[in-house]
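Listed below, chain by chain, are the residues.
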Amino acid sequence: MLCVPVRSILAFQSRTVCCVAIKSHGLIYPNNTNFTITKRHAVTDFIGINTKSKISEFINRFQIMNPLNKSKYEANSWILYEKLVDQIPFDQIIKKLDLPDTFNSWFIITELHLWMIFVRFMNEGTQGTMIRNFIMEALWNDVEFRSKKLATVSADVRHRQIKELSDQLRGALVGYDEGWLSNDMVLASMVWRRIFNKECNDPEKIELVVKYIRKQMSILQLQTFDSLFTKKDVKWIKFV
């Protein structure tokens, strides 16, 4: 079932966010027994340098944690997630990299693009962390919803496989962080492991992804917080 066409599940339904990978008798690997989706993790917190004073940071935290402001951040973050995922050039990437047209490919590509957004938002201190967490919640809601649409499996199997995705995602975000903060060789190694599952013998394809990441990240770093979060003006570059 891992070969379920990804194009059949990409469209959002009634602006409800959701997703999941399928394989034979389960979603991915039916071996894990625990199901706990940790919603409060994403990109590691060492991206960027906080230049604000402790007093201004405290005031900022107090304002953001106001229940009304927090609700606004949550709603905006979920809408932003939907727009981000909807605009990812899946068809271009799958075609250029010769990836299988499956949900697993969809999830890995989505994961990469969300990581790039997380890196940018981690420069925003407390509000960036909150936005990152809300986007992660939107992703897992997306996973839960799409898993129910893609296959008829028991709730236990589905939950085990979402836990597996959660574990994979945590590792991938840390790996991308390391590559981003190191050099192209380290980043290329991460791309080879995660996107190509260690099965790519064409270095040009790996180089294509690395260049795409570097170029997209440079564009995101130049965008203001208002343009990204308030106006949601996030445009993914063409994958060539």
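Let us look at the structure shown here. Note that the coordinates shown come from a computational prediction; the quantities given were computed from them, not determined experimentally. (Residues numbered from 1 in each chain as written. Predicted model: local features only at pLDDT ≥ 70, side-chain atom pairs only at ≥ 80, totals over all residues. Heavy atoms only, no water.)

## Notes on the packing of aromatic side chains
- Applying the stated criterion across every chain yields a total of nine aromatic pairs.
- Plain terms: the ring middles of Tyr212 and Phe239 are 4.9 Å apart, the flat faces sit at 70° to each other, and that makes the pair edge-to-face. Highlighted residues: Tyr212 in helix 8 (residues 203-222) and Phe239 in the segment after helix 9 (225-230), separated in sequence by 27 residues.
- On the basis of relative accessible area, Tyr212 is assigned to the buried category, the value being 4%.
- Taking relative accessible area as the criterion, Phe239 reaches 3% and is therefore assigned buried.
- Following the ring pairs from residue to residue traces out a cluster consisting of Tyr73, Phe121, Phe225 and Phe229.
- The lysine or arginine in question, Lys232, covers the ring of Phe229, its NZ or CZ lying 5.8 Å from the ring centre. (Phe/Tyr/Trp six-rings, centres within 6.5 Å; stacked < 30°, edge-to-face > 60°. Helix = DSSP H or I, 4+ residues; strand = E, 2+ residues; numbered from the N terminus. Buried < 20%, exposed > 50% of the residue type's maximum accessible area, 1.4 Å probe, protein only. Lys NZ or Arg CZ within 6 Å of the ring centre and 35° of its normal.)

## What about the packing of helix 7 (residues 184-194) against helix 8?
- The interhelical angle for the contact between helix 7 and helix 8, taken along N-to-C directions, is 115°, at an axis separation of 9 Å. The two elements helix 7 and helix 8 cross, and the hand of that crossing is right-handed. Side by side, helix 7 and helix 8 meet where Asp184, Leu187, Ala188, Val191 and Trp192 of the first sit next to Ile206, Val209, Val210, Ile213 and Arg214 of the second.
- Across the contact of helix 7 with helix 8, the residue classes tally to eight nonpolar, no polar and two charged. (Axes fitted to C-alpha atoms, helices over the stretch in contact; angles between N-to-C directions. Left-handed = near helix turned anticlockwise from the far one by under 90°. Contact = heavy atoms within 4.5 Å. Nonpolar A, V, L, I, M, F, W, Y, C, P; charged D, E, K, R; others polar.)

## Brief notes about the environment of Lys238
- Mapped onto the secondary structure, Lys238 falls in the segment after helix 9.
- In sequence terms Lys238 and Gln92 are 146 residues apart; their C-alpha atoms lie 7.9 Å from each other.
- Ignoring any residue separated from it by four or fewer positions in sequence, one finds Lys238 in contact with Gln92 and Tyr212.

## Here's the deal with the packing of helix 4 (residues 103-121) against helix 5 (residues 125-150)
- As a packed pair, helix 4 and helix 5 sit with axes 10 Å apart at the nearest point and diverge in direction by 170°. By the angle between their axes, helix 4 is roughly antiparallel relative to helix 5. Where helix 4 abuts helix 5, its residues Phe103, Trp106, Phe107, Leu114, Ile117, Phe118 and Phe121 lie against Gly125, Gly128, Ile131, Arg132, Ile135, Met136, Leu139, Trp140, Asp142, Val143, Arg146 and Leu150.
- Looking at the contact of helix 4 with helix 5 residue by residue, the classes come out as 14 nonpolar, two polar and three charged. (Parallel < 35°, antiparallel > 145°, perpendicular 65-115°, else oblique.)

## Describing the environment of Met130
- By the secondary structure assignment, Met130 is in helix 5.
- Among the residues examined, Met130 registers a relative accessible area of 8% and is labelled buried.
- Each C-alpha atom, one on Met130 and one on Glu74, is 8.2 Å from the other, the two residues being 56 residues apart in sequence.

## Describing the pattern of salt bridges
- Applying the stated criterion across every chain yields a total of nine salt bridges.
- The residue Arg194 makes a salt bridge to Glu111 at a minimum N-O spacing of 2.7 Å. Within this pair, whereas Arg194 is found in helix 7, its partner Glu111 is found in helix 4, the two being separated by 83 residues in sequence. Glu111 carries the same exposure label as Arg194, and that label is buried.
- One salt bridge connects Lys235 with Asp233, and the closest N-O pair in it is separated by 2.3 Å.
- Assessed through its relative accessible area of 57%, Lys235 is described here as exposed.
- Judged by its relative accessible area of 32%, Asp233 is partly exposed.
- By sharing partners, the salt bridges in this structure join Lys163, Asp167 and Arg170 into a single network. (Salt bridge = Lys/Arg side-chain N within 4 Å of Asp/Glu carboxyl O.)

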